[in-house]
Amino acid sequence: MNKEKFISLLNNIIEENKTQKLDEIFQENFQFSYLKRLKFVKWTFESKLLFEEAVPLSNYWKQIADVYMDLRDREKNLVLKAIRQLKVTNDEMTNSILKILKKEADEFNINFPLRVNRILPKWIVTNLIVKNRHCADWLGIGIANLLKSKHDNSLFYLLNVKDLDNDNFNFGDEVSEYLKITLQFHLNPFTVNYAISEMMRDKKLKLLYDILKFQYLNKNTLAVLLEHKTIQKLMINVGLERELSSYELGILKEKFDYNFKFYGPEFVKFAKKYSIKLSSTIEYIDGIHMIDISSEGKLSWKFNTLSDAEMTFKKICTENNQLEIENYRTLLLKHLNDKNIKTFAKVKLIKAFFNSSELSPFIDSIKEYISKNLDSDKEIFNLAQYIALNGNYKKFTYADYDLFIALIKYKENKNIYSKILSINYSELPISNNFIDKQYVDFNVFFNCDLGRYFEVLKTMLEKREMEDNNLINRMEKLRLVNSAYRDFIVGRLWNYLGNTNYSVSANTLLGYSTAFSSFAPNDLKKFSDAAICLLNSNYNSASQSPYTAFNIALVLSDEIKPSIEVFSTNFNYDILRSLLEIFFFYKRKYLGSWLDKFSHLPRFPEICVSIALTYFEKIKVEKLSKIITYIERAASTQKGLIDISKFYSLKFKNLDDAHFEVLLQLTRVLIAKKYIVYSIMMESNLKYITEKVKSDKKIKFINLFKNLLLKDEYEDLIK
């Protein structure tokens, strides 16, 4: 039977709805030779058969699985597309599809269960997870999918963790990473605010709690989970139920944010059990953000007099029910924001509450209201000043920050400035949650009382000049502050401090980089030791300022002759990116020497190419040629380091002849060093990259890939 007749036969059968007969045809085909069966399968791709969904076609998919590795890439892509769209299947057909995906996973050295999870429809994956839940990676994927799912209750079969053991939870690195990403995007961070009894009502959190309780996780996976405060809170309660191992306790102690008060009252019991010292100034509570909608909905401002309101609110404070206090905070704000209430009545209420020590839990709500309504009425503005000037600042809350910032920005006010300067900041609480046990993180800094105070001071300095002596005197008490915070504050206020002789540490540079990019010429040398310290460290922060790596790159390239080894860390790769951006557009004394040092890092070629392609047509040809030399000398032997899709950022049609020749030279080097290798998407990527390029240049560029591409792919690209 020739090709046309075969395709016509298949299409006729499909149109007549005799799809069962199709499977019979392929059952008969098993008697033919391998090459003949391969040919028949290839022919089917030109018919309607591959996407036929009426019945499971077991024999057809068996034959696809048998010949899959000898299909062309475009044919493989068709098969994968059909798999993604499956609506019907049976066990035999599913096994054939799994065989295909297993061959693919082996060929590209990727995790098989993860490949299945990404390709197969969700309903099939769920069945496979339940069936294979005693296999570690399948179980890990199941837990991640359960956390992502809103409606798939079939996965709660996994809840019965008691019949599993540690081996079932020994997830591979790729699955741990998948779990980490899933938690990052699908674990609601606000659930930590709930009491543990409330958290246990959530089936997903109960599953995680049971996994922690039965001590199933290895160190790596446990560390991944404990990045999240919600999981930390679960682990605190596990630690009260059973004895934690030394490695569990070690990870927890490292991850805890001891200034985070919503770990709940159980945290105090936990600390006592495991001899952990806690600050006496922090009250660990539950539910500060958890509003009882049913209760709040019933509340309304039904007080006949101000004294009635005071009496009720004082009673709520006495009972110390945090949920009720939060509900009444909401009620108070609702009342103050009611436009039907006269301003004089609001002012009277606010003064009464502010002047009563028994109503202190509601003061921040009052400050929140007046901060947002300064310009609504002169009386509100006067009241805001009164509250700011008469406040007790043993703590410096978010509400204090908002109030002072609003007043500073509203208009010049010497009384407010004097009050800010009079606050005894040396006694304000800080967070002990350091990066690598020694470096201050800006997010942590801003979220502690001391950090918020200095942000107010900085805003004030930006608004008005202060005599040097006044500021120097004000900074005297910094010697009483934790040294890491002290140095961070000095850095953040550096340009306001003038020529004072503060010592410069890594934290000074980190603080400086949250406020300033680049340096005054006289300051570069002062920061050289700090730059080397961070380059040599394990510093890494997801919330670091983009100026940090850039400032270090400036100091290195201008002031420091390389004499140390550079380690492969995410932060050092950020520094490399900045060094390259400086290299491409400026001259600096030690730039070339530092690029030589960084060229030993595994990802050096990848980052060089990424930065170069971003600015390619703007960079001088001589600089590009120099970077190609660095890539040729690079120590990395990692194959496939550079995906051809990185060339998407290149403005190909804007390249002059000189830049085009350098691009060809760069590509030759990348292919010769095997930094670019064949991938299943190479043909489509090259097609996109060269879409609007002149024919002669397009052919020259694609010819470089001739020995990587399959013959038919190459021919398709140059025609």
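Refer to the structure printed above.
Residues numbered from 1 in each chain as written. Predicted model: local features only at pLDDT ≥ 70, side-chain atom pairs only at ≥ 80, totals over all residues. Heavy atoms only, no water.

Visitor: Now, about the packing of aromatic side chains: what can you tell me, with residues and values included?
Guide: Tallied over the full model, the rule gives 54 aromatic pairs. A centroid spacing of 5.4 Å and a plane angle of 65 degrees characterise the contact between Phe256 and Tyr263, whose relative ring orientation is edge-to-face. The buried category is assigned to Phe256, whose relative accessible area is 2%. When the ring centre of Tyr398 is taken as reference, the NZ or CZ atom of Arg452 above it lies at 4.1 Å. A cation over a ring is seen here: Arg603 above Tyr573, with NZ or CZ 4.9 Å from the ring centre. (Phe/Tyr/Trp six-rings, centres within 6.5 Å; stacked < 30°, edge-to-face > 60°. Buried < 20%, exposed > 50% of the residue type's maximum accessible area, 1.4 Å probe, protein only. Lys NZ or Arg CZ within 6 Å of the ring centre and 35° of its normal.)

Visitor: If you had to explain the nonpolar core to someone new, which residues and values would you point to?
Guide: Counting residues in hydrophobic clusters, the biggest one holds 150 residues, and the most contacted among them are Leu450, Phe454, Tyr485, Ile575, Trp594, Phe598 and Phe647. The greatest single-element share of this core, amounting to 9 residues, is contributed by helix 33 (residues 570-585). Those residues in contact with Phe647, other than ones at most four positions away along the chain, are Leu613, Leu663, Thr667, Leu670, Ile676, Ile689 and Phe701. Counting residues in hydrophobic clusters, the runner-up holds 92 residues, among them Leu22, Tyr60, Val79 and Leu98. (Core = buried A, V, L, I, M, F, W, Y, C linked by side-chain atoms within 4.5 Å. Helix = DSSP H or I, 4+ residues; strand = E, 2+ residues; numbered from the N terminus. Contact = heavy atoms within 4.5 Å.)

Visitor: Pulling in residues and values, what's your account of the side chain of Asn413?
Guide: Residue position: Asn413 is located in the loop between helix 23 (398-410) and helix 24 (414-422). At 2.4 Å, the side chain of Asn413 forms a polar contact with the side chain of Gln385. A distance of 3.2 Å separates the side chain of Asn413 from the backbone nitrogen of Asn415, its partner in a polar contact. Excluding residues within four positions of it along the chain, Asn413 makes contact with Phe381 and Gln385. (Polar contact = N/O pair within 3.5 Å; in protein donor to acceptor, adjacent residues only side chain to side chain.)

Visitor: Provide a residue-level description of the packing of helix 20 (residues 343-354) against helix 21 (residues 363-372), including the pertinent values.
Guide: Two elements in contact, helix 20 and helix 21, have axes separated by 10 Å at closest approach and are oriented at 145 degrees. For helix 20 against helix 21, the interelement crossing comes out left-handed. Residues Lys346, Ile350, Phe353 and Phe354 of helix 20 form the contact with helix 21, whose participating residues are Ile363, Ile366, Tyr369 and Ile370. Tallied by class, the residues present in the contact of helix 20 with helix 21 amount to 7 nonpolar, no polar and 1 charged. (Axes fitted to C-alpha atoms, helices over the stretch in contact; angles between N-to-C directions. Left-handed = near helix turned anticlockwise from the far one by under 90°. Nonpolar A, V, L, I, M, F, W, Y, C, P; charged D, E, K, R; others polar.)

Visitor: Quick one: what's the story with the pattern of salt bridges, residue by residue and with numbers?
Guide: Inspection of the entire model under this criterion finds 33 salt bridges. One salt bridge connects Arg329 with Glu326, and the closest N-O pair in it is separated by 3.1 Å. Of this pair, Arg329 and Glu326 both sit in helix 19 (residues 322-336), 3 residues apart, which is roughly one turn of the helix. Like Arg329, the residue Glu326 is buried in the burial classification. With its nearest N and O atoms 3.8 Å apart, the salt bridge here joins Glu661 to Lys700. Residue Glu661 is located in helix 37 (residues 657-672), and its partner Lys700 is located in helix 39 (residues 695-703); the two are separated by 39 residues in the primary sequence. Through salt bridges with shared partners, a single network forms among Arg37, Asp66 and Lys99. (Salt bridge = Lys/Arg side-chain N within 4 Å of Asp/Glu carboxyl O.)

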